[in-house]
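Examining the three-dimensional arrangement
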Amino acid sequence: METLSYLYLATTDESADNLHLRTTTFDLTRVKAFNWKKLPSAAWIQVGAIAIAFTLIGMASHSALALQIGNQGSQITTLQQNLATSGFYKGPITGFYGELTQSAVRRFQQAKGLPVDGIAGPDTLSALNGTSGSRLPTGILLQPGSRGTAVTQLQKTLTAKGFYKGPVTGYYGELTQSAVRRFQQATGLLADGIAGSRTLSALNGTPIDGSGFPTGIQLQPGNSGTAVTQLQNRLRALGFYKGPITGFYGRLTEAAVRDFQSSRRISVNGIAGRTTLAALLGNSSGGSAIALAPQG
């Protein structure tokens, strides 16, 4: 029991900083000679608690590791994507922490009043995660086989806009590719199922042609997002929509579109397509413009 008592005291009375020194100077031959089979159950519980404590200390040390020049992997890919989204990184997304990444980290640290050492430690990563927001990075190319936080964010954005119904996995598979294609078709983009800069910009709600909507958009029941919000606002300004501004194309929005179409002698189908959006644009009086779109 003398051996067990020493081990117990070493882990309870000493700080984490001194724990290593105390245990490494211990005579391990005494541990080997001890009859472990005769330990009572209470003692085994104490030994188990000690083992768990060592594991937690190791996990804490691992989580505190910093990202720095020479590192590579998915963590670096995420770092580069977040730096690109925040406007500090203009290079390619390589997953390798080179000089371009180091320079971007330095610029970010300087802008945020952090110690400028070019190392992405816990403080830098926390500040960066707080500025990356929910916008998709647009300087990358996501396609079948891609994986990581950018794909996770893509899936979440597509889900919010009503184009993706699958699980959020962070992997760019067939379900994600099909959702991207549907979004591209709805917004008049090349429907190749690859999320490039134009597709990602459109998903962020950034106008592609300088107007209120991405070029070629058609809005219909089930759609959601900033485009629907703007449609609702425009219909309300014209006196056709009385419901809440939700960004979701439901029955109230469809009814308002039908009423507007009827008043303008447009084919009444409840879908805000090319003719309907053109009419709404023609009635604009200083509000946000609505782009022309095919059909309807």
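Definitions and limits used
Residues numbered from 1 in each chain as written. Predicted model: local features only at pLDDT ≥ 70, side-chain atom pairs only at ≥ 80, totals over all residues. Heavy atoms only, no water. Helix = DSSP H or I, 4+ residues; strand = E, 2+ residues; numbered from the N terminus. Buried < 20%, exposed > 50% of the residue type's maximum accessible area, 1.4 Å probe, protein only. Expected span 1.5 Å × (residues − 1). Arc of directions from axis to C-beta. Phe/Tyr/Trp six-rings, centres within 6.5 Å; stacked < 30°, edge-to-face > 60°. Polar contact = N/O pair within 3.5 Å; in protein donor to acceptor, adjacent residues only side chain to side chain. Contact = heavy atoms within 4.5 Å. Salt bridge = Lys/Arg side-chain N within 4 Å of Asp/Glu carboxyl O. Axes fitted to C-alpha atoms, helices over the stretch in contact; angles between N-to-C directions. Parallel < 35°, antiparallel > 145°, perpendicular 65-115°, else oblique. Left-handed = near helix turned anticlockwise from the far one by under 90°. Nonpolar A, V, L, I, M, F, W, Y, C, P; charged D, E, K, R; others polar. Core = buried A, V, L, I, M, F, W, Y, C linked by side-chain atoms within 4.5 Å.

One can find Leu 277 in helix H13 (residues 274–282). According to the relative accessible area criterion, Leu 277 is buried, its value standing at 0%.

Take helix H12 (residues 251–263) next. In this model, H12 (13 residues) spans 18 Å end to end at C-alpha, consistent with the 18 Å of a helix rising 1.5 Å per residue. By the burial criterion, the buried members of H12 are Thr 253, Ala 256, Val 257, Phe 260 and Gln 261. Take H12 and look down its axis: the buried residues cluster within an arc of 135 degrees, on one side only. Residues Arg 251 and Leu 252 are exposed on H12 and point more than 90 degrees away from its buried face. Where H12 terminates, the next one or two residues include Arg 265, which has phi positive at roughly 60 degrees.

Our next topic: the packing of aromatic side chains. Under the defined criterion, the tally for this structure stands at 3 aromatic pairs. Plain terms: the ring middles of Phe 163 and Phe 183 are 5.4 Å apart, the flat faces sit at 90 degrees to each other, and that makes the pair edge-to-face. With Phe 163 in the loop between helix H8 (149–160) and helix H9 (174–186) and Phe 183 in helix H9, this residue pair connects regions lying 20 residues apart in the sequence. Just as Phe 163 is buried, Phe 183 falls in that class too. Ring plane angle 90 degrees and centroid distance 5.4 Å describe the contact between Phe 240 and Phe 260, whose orientation is recorded as edge-to-face.

Right, let's talk about the side chain of Thr 101 for a bit. Examined against the element boundaries, Thr 101 turns out to sit in helix H6 (residues 99–111). At 3.0 Å, the side chain of Thr 101 and the side chain of Gln 80 are in polar contact. Thr 101 has contacts with Leu 79, Gln 80, Leu 83, Tyr 89 and Phe 96, leaving out every residue within four places of it along the chain.

For the rest of this paragraph, the subject is the pattern of salt bridges. The final tally for this structure, using the stated rule, is 1 salt bridge. One salt bridge connects Glu 254 with Arg 258, and the closest N-O pair in it is separated by 3.5 Å. Note that Glu 254 and Arg 258 are positioned in helix H12 at a spacing of 4 residues, about one turn of the helix. Given the relative accessible area of 32%, Arg 258 is considered partly exposed.

Moving on, we get to the environment of Leu 114. Structurally, the position occupied by Leu 114 is in the loop between H6 and helix H7 (122–132). For the pair Leu 114 and Ala 127, spaced 13 residues apart in the sequence, the C-alpha separation amounts to 9.2 Å. If we skip the residues at most four places from it in the chain, Leu 114 touches Phe 108, Gln 109, Asp 123, Thr 124 and Ala 127.

Viewed as axis vectors pointing N to C, H8 and H9 meet at an angle of 50 degrees, and their least axial separation amounts to 11 Å. When the axes of H8 and H9 are compared, the pair comes out oblique. Handedness of the H8/H9 crossing: left-handed. Contact residues: Leu 154, Gln 155 and Leu 158 in H8; Thr 176, Ala 179, Val 180 and Phe 183 in H9. Here the residues of the contact of H8 with H9 are counted per class, giving 5 nonpolar, 2 polar and no charged.

If you look at the biggest cluster of nonpolar residues, it comprises 19 residues, and the most contacted ones within it are Leu 142, Leu 154, Leu 158, Tyr 172, Phe 183, Leu 200 and Leu 203. When residues of this core are traced back to their parent elements, those giving at least two are H8, H9 and helix H10 (197–203). Not counting residues up to four positions away in its chain, the partners in contact with Leu 154 are Leu 136, Leu 142, Tyr 172, Thr 176, Val 180, Ala 195, Leu 200 and Leu 203. Among the nonpolar cores identified, the runner-up in size contains 15 residues, and Ala 227, Leu 235, Ala 279 and Leu 280 belong to it.

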